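Residue strings, one per chain:
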Amino acid sequence: MTLFERLDEYAGSGAQAMHMPGHKRNTAAFPWLAGLAERDITEIHGFDNLNDPEGLFARLEERMAALWGADVSIPLVNGSTVGILASVLACLEGGGELLMARDSHKSVYNAAVLSRAGTRYLTPRLHPVFGFPLSVTPEEVEAALDAAPGVKLVCVTSPTYQGVISDIASIAAVCHRRGVPLLVDEAHGAHLGFGGFPGSAVAQGADLVVQSLHKTLPSLTQTAVLHIRRGLVDPGPVRRCTAMLQSSSPSYLLSASIDACVDFLEREGQEAAHRWLEALLAARRELSGLERLSLWDGGDGVFRYDPSKLLVGGPGLWLERKLRDTYRIEPEYALLRHVLAMTGMGDTRESLGRLTRALRELDRQAPEAPEAPLPAAAPAYVLPLGQALASPGRAVPADRAAGRVSGEFVWSYPPGIPLLVPGQRITGETLAQLSLSPNLHSTYNGAPNSIFCVDLPGKIV
Ligand SMILES: Cc1ncc(COP(=O)(O)O)c(C=O)c1O
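Residues numbered from 1 in each chain as written. Predicted model: local features only at pLDDT ≥ 70, side-chain atom pairs only at ≥ 80, totals over all residues.

### A look at the overall build of the chain
When you go through the chain residue by residue, the secondary structure sums to 13 helices and 18 strands. Computed over C-alpha atoms, the radius of gyration of the chain comes to 23 Å, within 12% of the 23 Å expected from 2.2 N^0.38 for 461 residues, which places it in the range of a compact globule. Referenced to the eigenvectors of the C-alpha coordinate spread, the extents of the chain come out at roughly 70 × 55 × 50 Å. Put simply, the chain has 461 residues, and 45% of those count as buried. Residue pairs at least 24 apart in sequence account for 69% of intrachain contacts in the chain once pairs closer than 6 positions are excluded. (Helix = DSSP H or I, 4+ residues; strand = E, 2+ residues; numbered from the N terminus. Rg over C-alpha atoms; globule rule 2.2 N^0.38 Å. Buried ≥ 20, exposed ≤ 12 C-beta atoms within 10 Å, placed from the backbone. Contact = placed C-beta atoms within 7 Å.)

What follows is the structure, encoded as structure tokens:
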């Protein structure tokens, strides 16, 4: 019986709920909760506790570990974010540095801040036209580890938001030769290893792998899983940190969605992934003849790519507007020279056909993509993240901030990868990059069009 079925059984049992949540399933009084509140309970008798599993959640963990081939799998209801925070905190409790890809999601930076770990960056090469980061190489990881014996955890993102996959098996081997565990942020790759998709980092030897079920699989937003390989990582502290950071009232709606997703994958995950991949390959064939636009097919020296992300080169912001306004298609994100359509297991030949027809029509009208400068020199990091965040400073108008040191994160959301991190020297190029980035957000919201800058000792401000 799935957790949804158990919840339905309880809802229909006539039991009086003298327990949380406060809506008491009274959908007559609160009609906007209809369809949700009936299955929304708390940790009552017979329904186990996600953060301290003994019954149905212990079995769910075993099923997930068997499905993905992990030693331990922990279901998460606070997204991949909480899996990343818990992994970094657990591995760096005793001190040490975090070696992380500079294109990491902001949750990895937040984990570094919370753990007070020193950070070192791997800086993958950028795509020469689109500007997104390409694969992290085993050689880069090896050189960085040789230069930094204090590193206690390596973290890379694979696949990236744009679908770039790194050689996780070789990177894991490099890390393991030095006794350092590897965390792979596979938030965008929960489907990897199913059907004909490239393999998951779990099967390539990574020690910790975090996946957002909600991003590509049939599960509700915020649902995720953290897989652990025993050996270099002790699952105990990771589990303790997960329970510490996750809500102490994990949603049963989200938990039941994880359970149902796993049930579906066990029954027909392989076939569903094959159907999705075939529809994707058909769509990719349809788009291979584009003339003004171009479909990225994973060339440009990347190790591998995830075909589920349809990245179309061309005037990105124009394409996004046309797709939205003329075709009622909402892309995931767009920048000056590309637009990204994310697909998932819920896509069909029909949904992808609607997208390919629209793109083929737009191909005939598309203007030239505007020029977009790529970030130039590698940024200089003047202060450690935590020290810069805690330093006194002031808001400086962005057009006068060149030469100063940032005291905050600034990112474009999506994808949530910081363009500027605390402690980083702000250059003219950084400012140009920020001015071209849509949907900017920052940790400091005190003054518009300004950057919170650190007052460096001895410097006149
Ligand atoms: C690369 C990457 N990692 C981690 C996350 C966090 O995942 P979640 O939203 O499941 O917390 C995201 C979210 O967009 C992401 O893009």
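### Points about the site of the ligand
Among the 14 residues in the neighbourhood of the ligand, the closest are listed as Gly-79, Ser-80, Thr-81, His-105 and Ala-187. Considering every element that reaches the shell around the ligand, the biggest residue donor is helix α3 (residues 79-91), with 3 residues. Its residues placed into classes, the shell around the ligand shows 4 nonpolar, 9 polar and 1 charged. (Near = placed C-beta within 6 Å. Nonpolar A, V, L, I, M, F, W, Y, C, P; charged D, E, K, R; others polar.)

### A closer look at the domain arrangement of the chain
In many reports, interface size means the accessible area that the parts give up when they come together. Each assigned domain of the chain is listed with its residue range as follows: domain 1 (1-45), domain 2 (46-265), domain 3 (266-365) and domain 4 (385-454). The C-alpha-based centres of domain 3 and domain 4 are spaced at 32 Å. (Domains from an automatic or database assignment.)

### A look at the nonpolar core
Membership of the largest hydrophobic core comes to 115 residues, with the highest contact counts inside it found for Val-88 and Val-154. Element by element, the count of residues in this core is highest for helix α9 (residues 252-287), at 13 residues. Counting 6 residues, the second largest nonpolar core, distinct from the first, contains Leu-134, Ile-165, Phe-303 and Tyr-305. (Core = buried A, V, L, I, M, F, W, Y, C linked by C-beta atoms within 7 Å.)

### Looking at unusual backbone geometry
With an omega of 0°, the peptide bond running from Met-20 to Pro-21 counts as cis. Of the consecutive residues Ser-158 and Pro-159, the connecting peptide bond is found in the cis state with omega at 0°. Locating Pro-159 in the fold gives a position in the loop between β4 (151-157) and β5 (164-165). The residue Asp-48 is not glycine, and still its phi comes out positive at about 55°. Mapped onto the fold, Asp-48 is located in the loop between α1 (3-11) and α2 (56-68). Backbone geometry at Asp-300 places phi at a positive 60°, although glycine is not the residue there. Here Asp-300 shows up in the loop between β9 (294-295) and β10 (304-305). In this structure Asp-300 comes out as partly exposed when scored by C-beta crowding, with 16 C-beta atoms within 10 Å.

### Considerations on the pairing of strand β11 (residues 309-313)
Counting buried residues along β11, 4 of its 5 residues qualify, which places the element largely inside the surrounding structure. Pairing geometry for β9 and β11, over 2 bridges, is antiparallel. Of the residues in β11, the one forming a bridge with Ser-294 is Gly-313. Judged from the 5 bridges that link them, β11 and strand β13 (residues 338-342) form a sheet pairing that is antiparallel. Bridged to Gly-313 within β13 is His-338. (Pairing = 2+ DSSP bridges.)

### Quick look at helix α10 (residues 316-327)
With 12 residues, α10 should cover 16 Å at 1.5 Å per step; its first-to-last C-alpha distance of 15 Å lies within 8% of that length. All of the buried residues in α10 are Gly-316, Leu-319, Glu-320 and Leu-323. Viewed end-on, α10 has its buried residues packed into an arc of 100°, placing them on one side of the element. The exposed set on the far side of α10, more than 90 degrees from its buried face, consists of Asp-325 and Thr-326. Tucked into the core, α10 has its buried residues touching β11, β12 (333-335), β13 and α11 (349-365). Backbone geometry just after α10 places Arg-328 at a positive phi near 55°. (Expected span 1.5 Å × (residues − 1). Arc of directions from axis to C-beta.)

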